[in-house]
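Next come the chains, spelled out residue by residue.
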Protein chains: 2
Amino acid sequence: MTNDFTFTIHARDGKARQGTITMPRGEIRTPAFMPVGTAGTVKGLYMDQVRQTGADIILGNTYHLMLRPGAERVARLGGLHEMARWPWPILTDSGGFQVMSLSALRKLTEEGVTFQSHIDGARHALTPERSIEIQVLLDSNIIMQLDECIRLPASDEEVARAMRLSYRWAERSKAAFERLVKPGDGRALFGIVQGGTHPALRRESAEALAALDLPGYALGGLAVGEPQAEMLATIEASEPFLPDTKPRYLMGVGTPDDLIESIARGIDMFDCVMPTRAGRHGTAYTRFGKMNLRNAKFAEDKRPLDEASECPATRDYSRAYLHHLTKSDEMLGQMLLTWNNIGYYQWLMREARAAIRAGRYADFLAETKAGWVRGE
Amino acid sequence: MTNDFTFTIHARDGKARQGTITMPRGEIRTPAFMPVGTAGTVKGLYMDQVRQTGADIILGNTYHLMLRPGAERVARLGGLHEMARWPWPILTDSGGFQVMSLSALRKLTEEGVTFQSHIDGARHALTPERSIEIQVLLDSNIIMQLDECIRLPASDEEVARAMRLSYRWAERSKAAFERLVKPGDGRALFGIVQGGTHPALRRESAEALAALDLPGYALGGLAVGEPQAEMLATIEASEPFLPDTKPRYLMGVGTPDDLIESIARGIDMFDCVMPTRAGRHGTAYTRFGKMNLRNAKFAEDKRPLDEASECPATRDYSRAYLHHLTKSDEMLGQMLLTWNNIGYYQWLMREARAAIRAGRYADFLAETKAGWVRGE
């Protein structure tokens, strides 16, 4: 790996870290939340708005993009940044998770996975090598290895088998990455630690991956329905074996509470559909907790979601109007609540970073939770 | 009526007129296209964008707003401008058209119409007086009389009966307006000429309404499925009997071609769901004609819809991306195409106004149509 992708830690507070990832397309201030732009768009938002909320990086889904418009087509259109008008860093997942959750007729072998598209039923294959190739065609900046995401519950043997297969795929991913990406272009390959909620398996996975000396590591296979306590325990069991100097990415997480608790346990990066999906379904995340805008109590509430916010969606529109738009299934309601939610998540990361720098992360965590409980 | 609502004609070219309506909330440059904000939102757009395209006035639907959130509630929220964050002029229709097209179990008498809400089945009544009251509660600036919109085809007797009933409702509307609106506050009541495609009935309707000396007049009951030639012939048959010094509003019209042909026949104002609805269904209106972005020919077309446009939606996003978003049913595709379409309609009105002022409206009309046919 090269100096073009660097991670610098500026401050620590307990296990929490505040750092900066630097790469040619921009800097990522960590802890960072990456809005999910599944199919080349963060649903319901203009990229200008996404940027304005404070997002340094967005996530694209390899599974969706390989099926439509297709990786080669995205490449001919100049790559994902150019197509979607987001010139800053992009992380893409490997496609593995959505193959398991969305597609039909999956068949998994040592070689990779074949599946049927959920869009048109066409057959596709994904190997560790093809996943890297697709992500390079998309012009991704942080590339994830293909891993096997098993459905839970599963036996210990099954969890171990999938974790070890994922490790072998990490080795193949690294070799493919080194063939396809020229050194010094600032792209990075992240490995994915698996092993369910078994500390020993997580340790084995983390140690093996650490030996590959990749520029970053993710925790996969969490936030798939287990209680929050189990997820946090698994982070705690894995963290000591993740290289301290590399960014740590908790995939697919989570609620605001999940985020700030995970940051306290040493996580640097997150992605989740929650703020965008919840926004489309009438839910606003705020300093005062979650608000369901469908609730009749908002029908004549002239206050904005939070008058102290700098996000126009949060500050400038009355709850009564948001209630009306939501009840009427108007697109603008979805647009505004999504904007508010991404704005809130980015605000929360900004505050977390400031708290770590100030050495008051524990207080920040307690105050933030108290605010959600207290309401207004 | 008062000086607070004025209409000044600056230039004429044949029957076409270029003028300005002045009222306390702002000026309306005519010919004007009013984007439709049915339920207090122009679907898929921020009001800032609507304004930026050049819209001087938007339309709100009394039928939708009286059912949800309710006229009294809108009034308690400070009126429609305040609720929806559009401080400029608003025209509201009377509710009559949607009662006929959307609601169930309608019953029409001399007094008014009772109907069942299409949302929850609740029974409601609308009289000329209640329609004015609702529009005042909404804080509408241009208020439309309740009229009877019959379904076509209908017998001559039926068309005449509905037209005469609509006239009697205009008289009652005027009386209600004068009771509810204090003189000099800049609000205006427009009468609606009916009479189907019968020149004699249109003349009778226009002359009777003209005698009421209302500040503006609309042509109703057109663009309901008849061929364009019949619509234009009806405008020609009505126009001589509409007061020359009052704005003339062609309700629910239409395509870009309908607009520029109607302007040539003396129409000053339009509203239509076409640009917003078409945008949600993948259609872009442009200088080069209509484009269906679902068409595979756009899949790798890197050009924007029209690089010469000042509208970001039209100028900054590739057709390939719009194709992808549209095929993927992504909200952003609907948002961008709606923005483009409202932008194009406003651009067309701007060009029409300039052509009238320059005395070259016939050339403008021919060139615009040639552009649609020629394509790129």
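Note that this is a predicted model, so its numbers are computed, not measured.

Procedures and definitions
- In this convention, every chain numbers its residues from 1, walking through the sequence in written order.
- As a convention, the first chain written is A and the first ligand written is 1, with the rest following in written order.
- With the structure being a predicted model, the display of local features is reserved for residues of pLDDT at least 70 and the display and counting of side-chain atom pairs for 80 or more, all residues being used for whole-chain, interface and lining totals.
- When the copies are superposed, the least-squares fit takes in the C-alpha atoms of residues with a pLDDT of at least 70 in both.
- In this description, a residue-residue contact is defined by the distance between C-beta atoms placed from the backbone, which must lie within 7 Å.
- In this description a helix means any DSSP run of H or I spanning at least four residues, a strand means any run of E spanning at least two, and both kinds are numbered starting from the N terminus.
- Once C-beta atoms are placed from the backbone, each residue is buried if 20 or more other C-beta atoms lie within 10 Å of its own, exposed if 12 or fewer, and partly exposed for counts between those two.
- Whether two strands pair depends on DSSP finding at least two bridges between them.
- Here an angle of 0 to 180 degrees is reported between the N-to-C directions of two axes, which are lines fitted to C-alpha atoms, with helices fitted over the stretch in contact.
- We call Asp, Glu, Lys and Arg charged. Ala, Val, Leu, Ile, Met, Phe, Trp, Tyr, Cys and Pro are nonpolar, and the rest, Gly among them, are polar.
- Working definition: the arc comes from the directions between the helix axis and the C-beta atoms, pointing outward to the latter.
- These domain boundaries are the output of an automatic or database domain assignment.
- Here a crossover is taken to be right-handed if, once the strands point away from the viewer, the path from the first strand over the helix to the second is traced clockwise.
- Residue-level confidence of the predictor is summarised by pLDDT, bounded by 0 at the bottom and 100 at the top.

Caption draft 1: Examining the relation of the copies chain A and chain B more closely. Between chain A and chain B, which share one sequence, the superposing operator has a rotation angle of 180° and an axial displacement of 0.0 Å; the RMSD is 0.0 Å. In short, the pair behaves as if placed about a two-fold rotation axis. Measuring from the rotation axis to each C-alpha of chain A, the shortest distance belongs to Met331 of chain A, at 4.0 Å. The overlap is high: 100% of the interface residues of chain A also sit at the interface in chain B, so the same surface is used on both sides.

Caption draft 2: Quick look at the environment of Arg17 of chain B. Along the polypeptide, Arg17 of chain B turns up in strand β2 (residues 16-23). On the basis of neighbour count, Arg17 of chain B is assigned to the buried category, with 23 C-beta atoms found within 10 Å.

Caption draft 3: Here's a closer look at the pairing of strand β4 (residues 32-35) of chain B. All names here are of chain B. Covered by surrounding structure in β4 are Ala32 and Met34 together with Phe33 and Pro35, the residues of both alternating faces. As defined by bridge partners, β4 adjoins strand β14 (residues 269-272) across four bridges and the pair is classed as parallel. What sits directly across from Ala32, in β14, is Met269.

Caption draft 4: Inspection of the sheet that holds strand β3 (residues 26-30) of chain B at higher detail. Residues and elements named next belong to chain B. Pairing is antiparallel across the open sheet formed by three strands, whose spatial order is β1-β2-β3. Two strands in the sheet have a free side with no partner beyond their single neighbour: β1 (6-13) and β3. Each strand axis lies, on average, 15° off the axis of its neighbour in the sheet, ignoring direction. In this sheet, β3 lies alongside β2 in antiparallel orientation, the contact comprising five bridges. Note on β3: the bridge partner recorded for Thr22 is Glu27.

Caption draft 5: Looking closely at the interface of chain A and chain B. With 29 residues of chain A in contact, the opposing surface of chain B contributes 29 residues. Broken down by secondary-structure element, the contributors of at least two residues to the side of chain A that touches chain B are α3 (71-76), α4 (80-84), α13 (319-327) and α14 (331-357) of chain A. The class makeup of the residues in the side of chain A that touches chain B is twelve nonpolar, seven polar and ten charged.

Caption draft 6: Structural context of helix α9 (residues 228-238) of chain A. All names here are of chain A. All of the buried residues along α9 are Met231, Thr234, Ile235 and Ser238. Along the axis of α9, the buried positions cluster into a sector of 105°, meaning they face one direction only. The inward-facing, buried residues of α9 abut β11 (188-193), α8 (199-210), β12 (216-219), β13 (248-250) and α10 (256-263).

Caption draft 7: Spatial organisation of the environment of Leu250 of chain A. Residue and element names in this part refer to chain A. With respect to the helices and strands, the residue Leu250 is situated in strand β13. Overall, Leu250 belongs to the buried group, with 28 C-beta atoms counted inside 10 Å. Those residues in contact with Leu250, other than ones at most four positions away along the chain, are Leu219, Leu222, Ile235, Ser262, Ile267 and Phe270.

Caption draft 8: Quick peek at the domain arrangement of chain A. Residue and element names in this part refer to chain A. Structurally, chain A comprises domain 1 (18-271) and domain 2 (280-374). Computed over C-alpha atoms only, the centres of domain 1 and domain 2 are separated by 27 Å. Taken together, the 20 residues of domain 1 in the interface contact 22 residues of domain 2. Breaking the side of domain 1 that touches domain 2 down by element, the ones donating at least two residues are β4 (32-35), α1 (47-52) and α10. Here the element with the most residues in the side of domain 1 that touches domain 2 is α10; it accounts for five residues. Residue composition of the side of domain 1 that touches domain 2, grouped by class: twelve nonpolar, five polar and three charged.

Caption draft 9: Focus on unusual backbone geometry. Residues and elements named next belong to chain A. The residue after Thr30, namely Pro31, is reached through a cis peptide bond having omega -5°. In this model, Ala223 sits at a positive phi of 55°, which is unusual for a non-glycine residue. We note that Asp329 has phi near 55°; this positive angle belongs to a residue other than glycine. Take Asp329: it is sitting in the loop between α13 and α14. Given 10 C-beta atoms within 10 Å, Asp329 falls into the exposed group.

Caption draft 10: Structural context of the pairing of β14 of chain B. Residue and element names in this part refer to chain B. Of the two faces of β14, the one carrying Met269 and Asp271 and the one carrying Phe270 and Cys272 are both buried. Across two bridges, strand β13 (residues 248-250) lies against β14 in parallel orientation. If you follow Leu250 over to β14, its bridge partner there is Phe270. Regarding the hand of the β-α-β motif, the stretch spanning β13, helix α10 (residues 256-263) and β14 is right-handed.

Caption draft 11: Main features of the environment of Pro247 of chain B. All names here are of chain B. Here Pro247 shows up in the loop between α9 (228-238) and β13. Judged by local crowding, Pro247 falls into the buried class, with 27 C-beta atoms found within 10 Å. Setting aside residues up to four positions removed in sequence, Pro247 forms contacts with Phe7, Ile21, Thr30, Gly216, Asp268 and Met269.

Caption draft 12: Molecular detail of the confidence of the model for chain A. Per-residue confidence for chain A gives a mean pLDDT of 96, with 99% of residues at or over 70. Interface scoring of the predicted complex returns ipTM 0.98; its pTM is 0.98.

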